[in-house]
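Structural characterization, general
In case you want the letters, here they are:
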Amino acid sequence: MTEAESFIAIGQPEFADAGLQRLANADGIVAAWRRLLDQPDLDSRLDQVGGDFAMARIDSVGHGLAVVDRFATRSLCWQVRDGRLRVAGRADELADDSTAIDPQAIYNYLYFHCIPSPGTIFKGIYRLPAAHALRFDGHRVRVWRYWTPDFAPQRKADFNSLKSEFLALLKQGVARRLDASKPACFLSGGTDSSSVAGLIQSVTGHGADGYSIGFEAQGYDEMEYARLAARRFGVKHHEYYVTAQDIADSVHRVAAHYDQPFGNSSALPAYYCARMAHGDGVTRLLAGDGGDELFGGNARYATQRILGWYQHVPAGLRKRVVEPLLRAPFARHIGVLRKGASYVEQANVAMPRRLNMYNLLLRVGPAAVLSGQMLEAIDDTIALRHQQGVWDEVQGASHLNTTLAFDWRYTLAESDLPKVVGMTEMAGVQVGFPLLDSGLLDFSLRLPDHYKLRGLRLRWFFKEALRGFLPDEIIGKGKHGFGLPFGVWVQNNASLSRIAREALHSIEARGVLRPGFATRLWQELLPQYPAYYGELVWILTTLELWFQARKPAFRLA
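Reading the values: rules and limits
- Residues numbered from 1 in each chain as written.
- Predicted model: local features only at pLDDT ≥ 70, side-chain atom pairs only at ≥ 80, totals over all residues.
- Heavy atoms only, no water.
- Pairing = 2+ DSSP bridges.
- Helix = DSSP H or I, 4+ residues; strand = E, 2+ residues; numbered from the N terminus.
- Salt bridge = Lys/Arg side-chain N within 4 Å of Asp/Glu carboxyl O.
- Buried < 20%, exposed > 50% of the residue type's maximum accessible area, 1.4 Å probe, protein only.
- Axes fitted to C-alpha atoms, helices over the stretch in contact; angles between N-to-C directions.
- Parallel < 35°, antiparallel > 145°, perpendicular 65-115°, else oblique.
- Contact = heavy atoms within 4.5 Å.
- Nonpolar A, V, L, I, M, F, W, Y, C, P; charged D, E, K, R; others polar.
- Core = buried A, V, L, I, M, F, W, Y, C linked by side-chain atoms within 4.5 Å.
- Patch = residues over 30% accessible without salt bridge, like charges linked within 9 Å, V, L, I, M, F, W, Y side chains within 5 Å.
- Areas by Shrake-Rupley, 256 points an atom, 1.4 Å probe, with all protein chains shown as cover.
- Phe/Tyr/Trp six-rings, centres within 6.5 Å; stacked < 30°, edge-to-face > 60°.
- Lys NZ or Arg CZ within 6 Å of the ring centre and 35° of its normal.

If you walk across this open sheet you meet the three strands as β5-β4-β6, and the pairing is antiparallel. Looking at the sheet topology across the chains shown, the edges are occupied by β5 (84–88) and β6 (126–127). For strand β4 (residues 77–81) and β6, the ladder comprises two bridges, and the chain directions are antiparallel. Following the sheet pairing, Cys 77 is matched in β6 by Arg 127.

Now for the pattern of salt bridges. Applying the stated criterion to the full structure yields 31 salt bridges. A salt bridge links Arg 127 to Asp 259; the nearest nitrogen and oxygen atoms lie 2.8 Å apart. Taken together, the positions of Arg 127 in strand β6 and Asp 259 in the loop between α8 (244–257) and α9 (267–279) put the pair 132 residues apart, joining distant regions of the chain. Arg 127 sits in the buried class, given a relative accessible area of 12%. The exposure class of Asp 259 is buried, given its relative accessible area of 9%. For the salt bridge of Arg 227 with Glu 224, the shortest nitrogen-to-oxygen distance reads 3.5 Å. Placement of the pair is Arg 227 and Glu 224 together in helix α7 (residues 223–233), with a separation of three residues, close to one helical turn.

It is at 8 Å that the axes of helix α24 (residues 494–509) and helix α25 (residues 517–528) come closest, and there the two elements cross at 150°. As the angle between them shows, α24 and α25 are arranged roughly antiparallel. Residues Ser 497, Ala 500, Arg 501, Leu 504, His 505 and Glu 508 of α24 form the contact with α25, whose participating residues are Phe 517, Ala 518, Thr 519, Leu 521 and Trp 522. A class-by-class count of the residues in the contact of α24 with α25 yields six nonpolar, three polar and two charged.

Let us now look at the pairing of strand β7 (residues 132–136). Counting buried residues in β7 gives four out of five residues, a clear majority hidden from the surface. Summarising the sheet, strand β3 (residues 64–68) and β7 pair through four bridges and their orientation is antiparallel. Among the inter-strand pairings, Gly 64 is bridged to a residue of β7, identified as Phe 136. Both β7 and strand β8 (residues 141–145) contribute to a ladder of five bridges, which runs antiparallel. Its bridge partner being in β8, Leu 134 is matched across the sheet by Val 143. Counting the residues between successive antiparallel strands, the hairpin from β7 to β8 contains four residues, one of them, Gly 138, with a positive phi of roughly 100°.

So, about the nonpolar core. Trp 33, Ile 106, Phe 166 and Trp 408 are the most contacted members of the largest nonpolar core, which has 165 residues in total. Element by element, the count of residues in this core is highest for helix α18 (residues 399–427), at 12 residues. In contact with Phe 166, not counting residues within four places along its chain, are Phe 295, Leu 440, Phe 443, Phe 461, Phe 462, Ala 465 and Leu 466. Core analysis: the next-biggest nonpolar cluster, separate from the first, contains 15 residues, Ala 66, Ala 72, Leu 85 and Leu 134 among them.

Another point: a nonpolar patch on the surface. On the surface, Leu 325, Phe 330, Ile 334 and Val 336 cluster together into a nonpolar patch covering about 360 Å² of accessible area. Mapped onto the secondary structure, Leu 325 falls in helix α12 (residues 315–327). Accessibility expressed as a relative area gives 39% for Leu 325, which makes it partly exposed.

To continue, consider the packing of aromatic side chains. Throughout the structure, instances matching the rule amount to 33 aromatic pairs. Their ring planes at 75° and their centres at 4.9 Å tell us that Phe 486 and Trp 538 sit as a pair that is edge-to-face. Placement of Phe 486 in helix α23 (residues 486–492) and of Trp 538 in helix α26 (residues 530–550) is noted, with a sequence separation of 52 residues between them. Here a set of aromatic residues connected by ring pairs shows up, and it is made of Phe 159, Phe 166, Phe 295, Phe 443, Tyr 451, Trp 460, Phe 461 and Phe 462. Note that Arg 454 overlies the ring of Trp 460, its terminal NZ or CZ placed 3.7 Å from the centroid.

Our focus in this paragraph is the sheet that holds strand β1 (residues 6–15). Backbone hydrogen bonds are what pair the strands of a sheet, in a parallel or an antiparallel way. Here we have five strands laid out as an open sheet, ordered β1-β2-β3-β7-β8, and antiparallel in their pairing. The sheet terminates laterally at β1 and β8, the two strands that pair on one side only. Going across the sheet, the axis of each strand differs from the next one's by a mean of 15°, ignoring polarity. Where strand β2 (residues 49–58) meets β3, five bridges bridge the pair, whose relative direction is antiparallel. Considered in β3, the bridge of Ile 58 is made with Gly 64. Here helix α5 (residues 159–177) sits on the sheet in contact with β1 and β2, set at roughly 150° to β1.

The following block contains the structure:
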């Protein structure tokens, strides 16, 4: 190693090569990476590294290699400047006062509620996508996907043997991510976080410290499930009820903490959980993210299956009878026919385009939201092409598994994992994701579709394998997590209301929003459907607060 060479190696990589793993255990992950990098067939060996990690090596002349894990749990951003590769964990570490804001990234943020890789908010600065590597040789940058999921569902599945393997892998995933510090975890009361809490007890022999967030808002508080899990697994339970005033007090700091605009509203509850843990001396929290996406737990998987049934209706019946009937003028006045027309409309759109029918920005209408100069500065087809490209990366898999892999990118890598990593970092706590352990990931690739989604029963195998371990009430509950009742609170709390109103008008003044839309959103749309339009208020508010903290002079030319 020369003095000019730089090397980044963070996280907990899991090397399939036993010799490399022994070296990592004995001498550290840098030693293992160096040995791997010295092998001539490196490109074909990267897909044998699992776990969560980011690694980059740049030599004395600015050439180098960078790679992030399969879910981009650890982030790497890059740019080429003056013929040299520059790499950092955050996009803003590579930017300076002369770095321009990319209007396309603003549109992508409003579309996705985050800025999906490889783009960032800054022109000329990029983020490595999940399961991708980069090589710069002084002439060109090559970015490639080094790992693609290979779904190979078992045709003859034996539940009991799979259950035994699964429970052992769950325990292994938790054990790998515990350290010598006090064991602790997020505890929402859902299946995933409750499983992690219970498995900590199995691994350590005593209960974890569990951290839960509640909301004093009807339909949002599920603290009782967290208490139920705590009682079952001997958890030392710590509760905090987030208020609207808490959000008003912390939203500026949370928005500014991220290296670019980030719109996942459950970031604030995650922060209060992590802050509470840090105050108790916890240095590492385990989180339950990933169970839904690996094992079929999101409600939209059942919804998409229902929509897929329509294609099994004979084409002649669909085109000559069903659809003409539903298009008839009288059908809009009959409830069941009106719902049928909506069903058929969605069912006739292929994935992933079908997802656009639920997109908040598209439902309101970009022309109604965005200024003329903003519309001229962007390409409104890029977001869909981004989604289509990710959808097409997995070849030969079932519709369900393709949807799962799609969510690994957008739900996990671009949203949920950055949320948790960012907020634990802000609170001064490390985080581990045991349900994304390499062994569990490989296991999920072998699991039959009907074990993930049996009829319309979500996560069938996961829940049945844990029946008797988890309380039945938790297995039977719906998914919730740490969702934030922002749309309700922003209308009723004076401080939060002031922050949001001022932010909306300020982002409009920057030339992003159509003149008058801020007033329409606040006075007309938000009061009609607070939970729905509150999300739009939130992503616009956090966008403006990020600009105030990071690029206060920005204005769309």
